[in-house]
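# Chains, contacts and geometry: an overview
Read off the chains here:
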Amino acid sequence: MTTTTLLPFLARLLAIIPSTSATKHPLLLRLLRAGAASTAAIALVLIVETWHQRRSHWSLPVNPVVGRSIWGHLITMMTTQGERHDWAFWISRFHLDQGKGFTSFVHVPFTPVFVLSSDPRTVEWVLKSNFDNYVKGPFFYSAQMPLLGHGIFNSDGDEWKKQRKTASYIFNVANFRDHMVQVFADHTHDLCAVLDEAAASGRSTEGVVDLYDLLHRFTLDAFMEIGFGTSLHSLRQREPLPFAVAFDTAQSITSRRMVMSPAQRAVVEFLNGDARKLARCAAVADQFATKVITERRGEIAGDDQTVYADLLSRFLVMKKPDGSGYSDRELRDVVMNFIIAGRDTTAQALSWTVYMLHSHPEVVAKLRAELAEQFPGIGPDQSLWGDSSESDSSSSSAADAYAALSRNLVYARAVFSEALRLYPSVPTEIKFAVNDDTLPDGSAVRAGDAVIWSPYAMARITEIWGADAAEFKPERWIDQATGKFVQPSPFKFPVFNAGPRVCLGQQMAYLEGVACLATLVHRYELTVVNADQVKYRNALTLQMMNGLKVRPTRRRAGAGAMRPHEE
């Protein structure tokens with residue numbers, strides 16, 4: 001509906017009201033008139049605000065996104081909530097097909113102008129070449145504050161640098177080799193115990209498990225030990241984890257907040273109940289974090305002899321410039337931010353990998369061939385990595401396991417990377433311009449504009465990844481002449497961010513992801529039973545809305561590949 005049609009329509013409505021049967025009911029007549037007048041007023045405000053947004057860019061070479069109305073793209077953004085990432089790809093594809101390039105502009109009333117780009121040159125420009133001009137900014141802070149506070153993913157400047165430097169100490173080769181690999185092995189053993197129990201149930205309903213939930217428990221347990229020095233052992237529990245449920249819900253609400261101004265959030269979240277729900281979820285998360293912090297502080301109190309290598313302990317003993325320590329609230333923000341990094345991203349990458357494997361048995365066969373070559377003599381009933389409770393001499397030592405995970409399992413790494421390409425754990429990134437700027441393709445950006453790029457959309461664009469961009473093809477990651485893994489530009493494959501803010505845990509994610517993937521493929525046939533129901537949930541990370549239900553079966557020597565899904 002355009003301005004020329006909406007306003008006459010409202011005028012006619014106001015004129016018609018007195019002639020209706022409502023004239024017999026004066027109160028109803030006043031209510032109808034008030035409603036029509038309010039609608040007209042709101043429409044006029046939206047029109048003026050959208051006009052003001054466009055006016056700031058009238059002199060600039062911009063490509064407005066299709067679907068724009070008198071109130072910008074508000075309706076489009078509201079109606080594509082559940083398929084936001086596919087909408088981003090469709091917009092990029094449409095503009096490229098129209099010869100308008102990689103960049104387009106989205107206008108939503110009372111929010112910054114969104115500059116949507118799928119150009120790797122833009123990603124490099126924002127994340128590296130002109131890094132200082134692009135920040136998280138107040139809009140981002142306010143949207144994510146209830147969940148992430150002032151943590152590393154919701155901060156800029158000195159606060160971000162300080163947290164990043166402190167966290168960097170745990171991500172080193174010695175810690176990967178001597179500690180993390182063994183932690184992953186131990187918790188993989190717990191995961192296998194759950195899957196073995198399900199496999200023993202045969203084809204009964206008890207034999208189907210939600211692998212998506214189990215993988216989140218696996219990565220949570222592992223990162224709790226690596227990052228916070230505590231063992232949660234959630235895989236040994238059967239009941240839902242209140243913290244995990246609250247954390248995931250808070251993520252979904254936070255994602256919706258990213259396309260609303262503070263005023264819009266206040267109104268919408270009051271009406272739909274999200275404000276109360278987010279507050280309850282944040283309270284559960286706070287309680288969880290406080291318990292972790294209190295227990296860890298008690299464990300290290302008065303112990304000046306032991307050097308604690310976990311992340312939380314480093315923050316607990318660290319002093320600020322004024323000599324004070326971190327408050328519990330600040331430590332809570334540290335815990336929340338690193339849980340989303342250490343739990344959600346790898347668990348979701350593994351879930352989407354298994355989802356893709358169910359329809360690509362030829363990939364599973366190649367994975368098993370590589371495992372047989374790298375681990376000769378180790379059958380499906382034996383552990384590839386060993387664990388602290390095992391004395392199985394055929395299992396790998398930590399050093400051998402690290403070598404396999406970091407260098408030798410080329411195809412497994414390619415499979416994990418290809419799933420990450422198509423289903424990036426962080427599907428959308430956003431930064432705000434401090435000053436006016438011009439992107440590499442000539443698109444103009446005003447101070448305060450939000451530059452957005454979607455790794456999810458970029459993965460499907462043929463101009464970036466070739467004619468087979470939409471296909472699941474692990475071979476694209478391997479040099480066919482040398483057989484070595486090929487790492488593309490981080491600006492073409494920005495799933496781990498790039499530039500000064502490149503993900504500190506990238507190597508840890510690969511170690512953990514490949515270790516778990518190799519174990520699952522080596523030990524089980526996984527029958528996915530809800531493949532037709534799997535779709536993403538709109539959240540900060542690429543959650544699965546309906547989980548990933550699988551029926552595990554223990555493999556025997558010479559068994560085939562993963563089975564296709566059953567109805």
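Here, every reference points to the structure presented above.
### Concerning the packing of helix α8 (residues 173-200) against helix α9 (residues 211-228)
The contact between α8 and α9 brings their axes to 10 Å, and the two run at 150°. Comparing their axes, α9 and α8 come out roughly antiparallel. Our pair here, α8 against α9, has a crossing hand that is right-handed. Taken together, the residues of α9 that come into contact with α8 (itself represented by His-179, Met-180, Val-183, Phe-184, His-187, Thr-188, Leu-191, Val-194 and Leu-195) are Leu-211, Leu-214, Leu-215, Phe-218, Asp-221, Ala-222, Glu-225 and Ile-226. Looking at the contact of α8 with α9 residue by residue, the class counts come to 12 nonpolar, three polar and two charged.

### Some points on the packing of helix α14 (residues 328-357) against helix α20 (residues 506-523)
Running from N to C, α14 and α20 cross one another at 35°; their axes reach a closest spacing of 10 Å. Along this stretch, α14 crosses α20, giving a crossing that reads as right-handed. Seen from α14, the contacting residues are Gly-342, Thr-346, Leu-350, Thr-353, Val-354 and Leu-357; seen from α20, they are Ala-509, Glu-512, Gly-513, Cys-516, Leu-517, Leu-520 and Val-521. Broken down by class, the residue content of the contact of α14 with α20 amounts to eight nonpolar, four polar and one charged.

### Concerning the sheet that holds strand β9 (residues 524-528)
Judged by pairing direction, the sheet is antiparallel, and its three strands sit side by side in the order β4-β12-β9 without closing on themselves. Edge strands, defined here as strands with exactly one partner in the open sheet, are β4 (209-210) and β9. Relative to strand β12 (residues 549-554), β4 runs antiparallel, the two sharing two bridges. The residue of β12 that forms the bridge with Val-209 is Val-550.

Calculation criteria
- Residues numbered from 1 in each chain as written.
- Predicted model: local features only at pLDDT ≥ 70, side-chain atom pairs only at ≥ 80, totals over all residues.
- Heavy atoms only, no water.
- Axes fitted to C-alpha atoms, helices over the stretch in contact; angles between N-to-C directions.
- Helix = DSSP H or I, 4+ residues; strand = E, 2+ residues; numbered from the N terminus.
- Parallel < 35°, antiparallel > 145°, perpendicular 65-115°, else oblique.
- Left-handed = near helix turned anticlockwise from the far one by under 90°.
- Contact = heavy atoms within 4.5 Å.
- Nonpolar A, V, L, I, M, F, W, Y, C, P; charged D, E, K, R; others polar.
- Pairing = 2+ DSSP bridges.

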